[in-house]
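Notes for the structure review
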Amino acid sequence: MPPSAEPRTPSPSGGVQSLERAFDLLERMADAGGEVGLSELATSSGLPLPTIHRLMRTLVACGYVRQQPNRRYALGPRLIRLGESASRLLGTWARPHLARLVEETGETANMALLDGDEVVYVAQVPSRHSVRMFTEVGRRVLPHTTGVGKALLAQSPDDEVRSILARTGMPAATEKTITTPEGFLEALGRVREHGYAVDDNEQEIGVRCLAVPVPDSPTVAAISISGPAGRVTDAATERIVPLLKEVAEALSADLAGAAAGSA
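Okay, so let's go over this structure. (Residues numbered from 1 in each chain as written. Predicted model: local features only at pLDDT ≥ 70, side-chain atom pairs only at ≥ 80, totals over all residues. Heavy atoms only, no water.)

One can find D199 in strand β7 (residues 197-200). Dropping the residues within four chain positions of it, D199 is found in contact with T145, T146, G147, K150, V207, R208 and C209. (Helix = DSSP H or I, 4+ residues; strand = E, 2+ residues; numbered from the N terminus. Contact = heavy atoms within 4.5 Å.)

What follows is the structure, encoded as structure tokens:
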């Protein structure tokens, strides 16, 4: 059974069924790349076509879904404002965890999400060192050039990764940037094996970054630390990676608690 066809976990009793179904359809649309036909939604959700048509008509009227000229349905522009607000809130929840990373490693800590084919930074706590790395919140970069990009894409199937790389073209940011799909997929294999990603002078010469995915995040997310290569050494990596994984688990638990509290 494809991932998009997996049954969703039922929400707590007392929920409004039409709302549950509408949000389920929106999530299935996102899983399918943002655009689907009614028959695809019927197959993946198990709902009758008349029910899906009625729900989609309501979502279109509200601006959360748009019907394309080819009669397929796409996620609508009104979701953008909700997503931007949710991203800011996600960054707020992440900051105490990033502050812990800075306190215990001395390096700048970041949180990033995958938005389409790009990585977007949604939170940062800077190092207190005079020589430090700084990435503006809201900055977008291509995933093949960064540690967070590797940590994010390591959670995706290889064919999906290849499609993203084909669209971005894999331009080199430095002479160390991985610029072939085969090389990048090999790097993702190491991320999956070891549980963390490394950007070794690939985004900026003289800078190293260590990143891990946030497990069970409501959206694909990763956290990282970055600093001068002279400080983020192999020896430092052995000490920092377990901390990164611990903090990612703690952030994941916080996000799960927030979701449960709002249910």
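This brings us to the sheet that holds strand β1 (residues 35-36). Taken in spatial order, the three strands make up an open sheet running β1-β3-β2, and their pairing is antiparallel. Looking at which strands have only one partner, the edges of the open sheet turn out to be β1 and β2 (65-67). Pairing of β1 with strand β3 (residues 73-75) involves two bridges; the strand directions are antiparallel. By the bridge assignment, E35 is partnered in β3 with A74. In this fold helix α1 (residues 17-31) packs onto β1, β2 and β3, with an angle of close to 90° to the strand it touches most, β3. (Pairing = 2+ DSSP bridges. Axes fitted to C-alpha atoms, helices over the stretch in contact; angles between N-to-C directions.)

Here we take up the nonpolar core. In terms of nonpolar packing, the biggest core is built from 28 residues, with L98, L101, M111, I223, I225 and L244 touching the most fellow members. Secondary-structure elements contributing two or more residues to this core are α4 (78-105), β4 (108-115), β5 (118-125), β8 (207-213), β9 (221-228) and α8 (234-262). With nine residues, α8 is the single largest residue contributor to this core. Those residues in contact with L98 that sit more than four places away from it in its chain are A109, N110, M111, A123, Q124, V125 and I223. Counting residues in each nonpolar core, the second largest holds 22 residues, with M170, L185, L188 and A211 among its members. (Core = buried A, V, L, I, M, F, W, Y, C linked by side-chain atoms within 4.5 Å. Buried < 20%, exposed > 50% of the residue type's maximum accessible area, 1.4 Å probe, protein only.)

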